[in-house]
Structures are given as C-alpha cells and as structure tokens.
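Fold and contact review
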Amino acid sequence: MTNHFPAAQADPFALQNAPGIIIHSPRNRYVILRNLSVVNWTNGIEVRGDSRVLVDNVRSEHNINNGLTVLNRARVAVRNSVFAATGFRLNPMTGDFPTTADPNRGSGINFLADSSGNITDSTVSGNFDEGIRIRTRGTVNVSNVQSFDNERRNELR
C-alpha cells in the first residue's frame, strides 16, 4: 500500500495548519464542490486566481480563520451550504481558538480583492467574526441566507 500523504504520517497536526481545500484553476474550467464537510483547517476552502467555483451542499465548520475565502478575481456561487463556528477550535497541538490564540478573522465567508460571488439558501452562524465579510471591488449578491449569532468576539472580550 502506498502512502499518498507522507507529510501527514510524519506530522499529522501539520495538516490542521493549512487550508482544507485550495482551488486555483484557470478561467476556462468550472469546479464543483458538492456534498462535503470541511472541518478543522486554517481556511476551510480557499479559492484563488481566476477560478470559477460552485459550492453546493457543503458544511465548513470549526476552521480557524475563514470557512470560505475568495481571493483575486475568483468567482464563487454558494448554495445550500453551512459555514459555522469559524474561529473556534480546541486542539492541544495546534491551539485553543479563541481562548489562548486569536483567529486571523474568524469569518464564515470572506470575499477579498476583485472577487465576486453569489450566496443563496445557506446558513452562516456562530462565527467568531463577521458571518459574511465583503472586502472586494467585485459584486457579492446575498439572498435567502440565515445569518445568526456571528461576531461572537464582541461577547467574548
């Protein structure tokens, strides 16, 4: 049997110090993430470059910095998904967030740079920072989204 993840075997906690899924694809491709759970990473999902992505029926929970980060000129459509408890994770090897270590944002969804997107029929709940953080020159449309109990940093400080 071949070990496809030798770094994980050498240091299993190193994986929790990286993004769970990174997508950096050319504009002429379309990536679909469907029926996934992405738990205990720095950023749950990170979309870069000119990527075009559909996030459908995905659960992104207990990631440290962002449940979903959209960068550069990427375009992302999110539907039927949950982004919860970002910024909250307890692991003796990687840290107790946010009790002894602060997350680097702790947002459920974070749009940056020139990215754009659409979020619909989804839940963004219980995140340390903003549920949906939009700091882009692009357009982000949000409809039929349940956003509840975010910006928990305010009650914990």
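Counting restarts for each chain, with residues numbered from 1 along the sequence as it is written. Residue-level local features of this predicted model are given only where pLDDT is at least 70; pairs of side-chain atoms are given and counted only at 80 or more, and the full residue set underlies all totals for whole chains, interfaces and linings. As a rule here, side-chain values come from all non-hydrogen atoms in the structure, and water together with hydrogens is ignored.

**Points about the pattern of salt bridges**
Every case where a carboxyl oxygen of Asp or Glu lies within 4 Å of a side-chain nitrogen of Lys or Arg is listed as a salt bridge. In this structure the tally under the stated criterion is 14 salt bridges. Glu61 is the salt-bridge partner of Arg59, the closest N and O atoms lying 2.6 Å from each other. Think of it in three bands: residues with accessible area under 20% of the maximum for their type are buried, residues over 50% are exposed, and the middle band is partly exposed, with areas taken using a 1.4 Å probe on protein chains only. Since its relative accessible area comes to 40%, Arg59 is described here as partly exposed. Relative accessible area serves as the criterion here: at 18%, Glu61 is assigned to the buried category. With a closest N to O distance of 3.4 Å, Arg153 and Glu151 form a salt bridge. A relative accessible area of 24% means that Arg153 is categorised as partly exposed.

**Brief notes about the nonpolar core**
Side chains that are nonpolar tend, in soluble globular proteins, to be buried together. Grouped together as the largest cluster of nonpolar side chains are 20 residues, with contacts concentrated most on Leu33, Ile45, Val55, Leu68 and Val76. Those elements giving two or more residues to this core turn out to be β1 (21-23), β2 (31-39), β3 (43-47), β4 (52-61), β5 (66-70), β6 (75-79), β10 (107-113) and β11 (116-125). For this core, the element with the highest residue contribution is β4, accounting for three residues. It only takes one pair of heavy atoms within 4.5 Å for two residues to be counted as in contact. Aside from chain neighbours lying at most four places away, what touches Leu33 is Ile21, Ile23, Ile45, Val53, Leu54, Val55, Asp56 and Val58. Take the buried Ala, Val, Leu, Ile, Met, Phe, Trp, Tyr and Cys residues and link them wherever side-chain atoms come within 4.5 Å; each set so joined is a nonpolar core. Secondary structure is summarised from DSSP: a helix means a run of H or I of at least four residues, a strand means a run of E of at least two, and numbering begins at the N terminus for each.

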